[in-house]
Amino acid sequence: FSRLLRDSELAPSACIAASTVSVTRQLEEAYWRTKPTLYRTLRLASCGLWNPKRQQDRSPFRIAEGYAGVLVKPRFFDRSLDEYPEHLRNVDDVWISACLTKNRVAIKKCETFSHQMNWQNEVNRKDIGRRDALIHTLSDGLGRSALNAECIRYAQEHFGIWRS
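Note that the coordinates shown come from a computational prediction; the quantities given were computed from them, not determined experimentally. (Residues numbered from 1 in each chain as written. Predicted model: local features only at pLDDT ≥ 70, side-chain atom pairs only at ≥ 80, totals over all residues. Heavy atoms only, no water.)

A.B. asks: An account of the sheet that holds strand 4 (residues 70–71) is requested, with residue identities and associated values reported.
C.D. replies: Read from one edge to the other, the open sheet built from three strands follows the order 4-1-5, with strand pairing classed as mixed. In the strand order of this sheet, the two ends are held by strand 4 and strand 5 (106–109), each with one partner. Direction of pairing for strand 1 (residues 14–17) relative to strand 5: parallel, over a ladder of four bridges. Each residue of the ladder has a partner; that of Ala-17, found in strand 5, is Lys-109. (Pairing = 2+ DSSP bridges. Helix = DSSP H or I, 4+ residues; strand = E, 2+ residues; numbered from the N terminus.)

A.B. asks: Let's hear about helix 6 (residues 144–159): which residues, and what values?
C.D. replies: Between its terminal C-alpha atoms helix 6 stretches 21 Å, which fits the 22 Å expected from 16 residues at 1.5 Å a residue. Of the residues making up helix 6, those classed as buried are Arg-144, Ser-145, Leu-147, Asn-148, Ala-149, Cys-151, Ile-152, Ala-155, Gln-156 and Phe-159. (Expected span 1.5 Å × (residues − 1). Buried < 20%, exposed > 50% of the residue type's maximum accessible area, 1.4 Å probe, protein only.)

A.B. asks: Run through the packing of aromatic side chains, naming residues and quoting values.
C.D. replies: Within this structure, the stated rule accounts for seven aromatic pairs. On the basis of an interplanar angle of 70° and a centroid distance of 6.4 Å, the ring pair of Tyr-84 and Trp-95 is categorised as edge-to-face. In this pair, Tyr-84 sits in the loop between strand 4 and helix 4 (92–102) while Trp-95 sits in helix 4, placing the two residues eleven residues apart along the sequence. What makes Tyr-84 partly exposed here is its relative accessible area of 34%. Judged by centre distance (5.5 Å) and plane angle (50°), the rings of Trp-95 and Phe-159 are tilted. With a gap of 64 residues between them, Trp-95 in helix 4 and Phe-159 in helix 6 connect regions that are remote in the sequence. Neither residue differs from the other here; Trp-95 and Phe-159 are each classed as buried. (Phe/Tyr/Trp six-rings, centres within 6.5 Å; stacked < 30°, edge-to-face > 60°.)

Listed below in structure tokens is the structure:
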């Protein structure tokens, strides 16, 4: 948490996130999840060398990933934060990032963050196991990747953001 605060002091008008992902990468992941056979064929044909997840990501449009910590300030938001379509409520990372972007708040990755995850989940000092239900949740028959893509398209259409 101290790293997020330190980076926030350097960029007080920005959202500071321990981890970010690009809008483009989210859309590509949703696309490839609809074409698993083609994806596997291309991976096999290239002997594993082709992998869209390893392509360099130069997209300036970022989504703050909440699992690792995000520092925001109330003044970064307007009423649109609470005006999300009900079926998109589980993709809060994308929705919050869309609201930040709409309000011209930069989303910056905390450069001093070490990306080592500790999946231990403790309650009263007892490990209760990994809990990541939002990743596996379906809404209107759509999985997380499809919902992320739908939220991105909604933000593009209604907020006029994240367009190349």
